[in-house]
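Understanding the architecture of this molecule
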Amino acid sequence: MRKILTSEFFDRDAKKIARELLGKYLVRRHHSLIRENKRIMKRGRNDAFMITETEAYDGPRDKASHASRGKTKRNAPMFGLPGRWYVYLCYGTYEMLNIVIGKGGYPAAILIRGAGSHKGPGKLTKALRIDREFNNKIADKKTGLWIEDRGVKIFPKDIIRTPRVGVHYAKEWAGKPYRFLIKNKIQPLVMKGTKAKP
DNA sequence: ACGATGATGAAC
DNA sequence: TTCATCATCGTA
């Protein structure tokens with residue numbers, strides 16, 4: 001089973017999706033030009049990483065969310081269509097990867113904090129070479145970054161819920177258990193170089 | 001425990 | 001235009 005998740009999947013409750021994304025695969029397509037028999041050939045490679053940690057940012061009232069102070073140039077993708085990427089720079093250094101959730105006009109997104117063996121949202125994007133070029137792009141093969149269901153089931157006993165990281169300022173929203181992570185490492189976490197057509 | 005780092009949004 | 005803040009990370 002290998003199914004690319006589309007806007008229908010992401011047009012549902014943010015917390016529910018954040019939990020369901022555990023065990024799904026973040027797939028990154030890399031292109032490279034190679035020289036072969038005096039010809040320039042385009043080579044593609046898909047690297048897939050099982051998502052291990054997520055955080056939900058749900059609605060305009062969520063004080064931990066960028067959307068809590070209304071629509072701005074930066075957070076506009078959160079107010080847009082589900083199934084697109086929201087990528088922004090954090091602390092001047094790290095690119096944060098989010099998938100947009102919910103209908104247009106309702107601002108929500110899920111931060112992908114861990115996938116494969118990569119722990120931490122900043123390290124993940126650096127390792128996969130993800131930056132703001134992906135901002136507001138559709139999560140599909142054409143974009144080169146998408147999410148797949150590969151049939152892995154994560155059971156409730158293997159899931160931990162905690163408050164979100166680094167949102168102490170968010171008052172009553174700071175303690176809400178909107179962070180989901182897999183308790184024990186479950187194989188396979190990484191699938192490198194899966195076959196891809198040019 | 002803290003500094004690097006620079007974009008962001010609000011205040012002025 | 002200035003200023004405080006920040007969905008992080010590596011070093012200590």
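Everything that follows concerns the structure shown earlier in this document.
Below or above, wherever it landed, is the structure these notes cover. (Residues numbered from 1 in each chain as written. Chains lettered and ligands numbered in written order. Predicted model: local features only at pLDDT ≥ 70, side-chain atom pairs only at ≥ 80, totals over all residues. Heavy atoms only, no water.)

**Quick look at the protein's contact with DNA strand C**
The condition that has to hold: Here a residue is near a molecule or strand as soon as one of its heavy atoms is found within 4 Å of it. Whenever two N or O atoms come within 3.5 Å, that pair is a polar contact, provided that in protein one can donate a hydrogen and the other can accept it, and provided that, for residues adjacent in sequence, both atoms are side-chain atoms. Put simply, DSSP marks the helices as runs of H or I at least four residues long and the strands as runs of E at least two long, and each gets a number from the N terminus on. Side-chain classes are defined by residue name, with Ala, Val, Leu, Ile, Met, Phe, Trp, Tyr, Cys and Pro counting as nonpolar, Asp, Glu, Lys and Arg as charged, and the others, Gly among them, as polar.
Neighbouring DNA strand C are 20 residues, the closest being Tyr88, Tyr94, Asn98, Gly122 and Tyr169. Backbone atoms, meaning sugar plus phosphate, form 63% of the atoms of DNA strand C positioned within 4 Å of the protein. Arg113 is positioned with one of its side-chain polar atoms (N or O) 3.2 Å from a phosphate oxygen of DNA strand C. Interatomic distance of 3.5 Å between a backbone N/O atom of Gly120 and a phosphate oxygen of DNA strand C. At the level of elements, strand S4 (85–90), strand S5 (94–100), strand S6 (108–115) and helix H3 (121–128) are the ones that each hand at least two residues to the surface near DNA strand C. Tallied by class, residues from the surface near DNA strand C come to 13 nonpolar, 5 polar and 2 charged.

**Examining the packing of aromatic side chains**
Applicable threshold: What counts as a ring pair is set by centres within 6.5 Å for rings of Phe, Tyr and Trp (its six-membered ring), and what kind of pair is set by the plane angle: stacked under 30 degrees, edge-to-face over 60, tilted for all other angles. Remark: exposure states derive from per-residue accessible area (1.4 Å probe, protein chains only) relative to the maximum for the residue type, with buried under 20%, exposed over 50%, and partly exposed in between. Note on geometry: a ring has a charge over it if NZ (lysine) or CZ (arginine) is within 6 Å of the ring centre and within 35 degrees of the ring normal.
Under the defined criterion, the tally for this structure stands at 3 aromatic pairs. When the ring of Trp173 is compared with that of Tyr178, the centres are 6.5 Å apart and the planes differ by 75°; the resulting orientation is edge-to-face. Note on Trp173: relative accessible area 13%, which makes it buried. In this arrangement the basic side chain of Arg74 is found over the ring face of Tyr88, its NZ or CZ atom lying 5.6 Å from the centre. Here the basic side chain of Arg150 rests over the ring of Tyr25, its NZ or CZ set 5.2 Å away from the ring centre.

**Here's the deal with the protein's contact with DNA strand B**
Every residue near DNA strand B is listed here: Arg69, Thr72, Arg74, Leu89, Tyr91, Gly92, Thr93 and Arg132. When atoms of DNA strand B within 4 Å of the protein are sorted by moiety, sugar and phosphate together comprise 70%. With respect to DNA strand B, the side chain of Thr72 contributes an N or O atom lying 2.3 Å from a phosphate oxygen. Here Gly92 contributes a backbone N or O atom positioned 3.3 Å from a base nitrogen of DNA strand B.

**Describing the pattern of salt bridges**
Selection rule: We count a salt bridge whenever a side-chain nitrogen from Lys or Arg sits within 4 Å of a carboxyl oxygen from Asp or Glu.
Here the structure, examined in full by the defined rule, presents 14 salt bridges. Where Arg12 meets Glu20, a salt bridge forms, and the shortest distance between an N and an O atom there is 2.8 Å. With a shortest N-O distance of 3.1 Å, Asp58 and Lys15 are connected by a salt bridge. In this pair, Asp58 sits in strand S3 (residues 39–58) while Lys15 sits in helix H2 (residues 14–20), placing the two residues 43 residues apart along the sequence.

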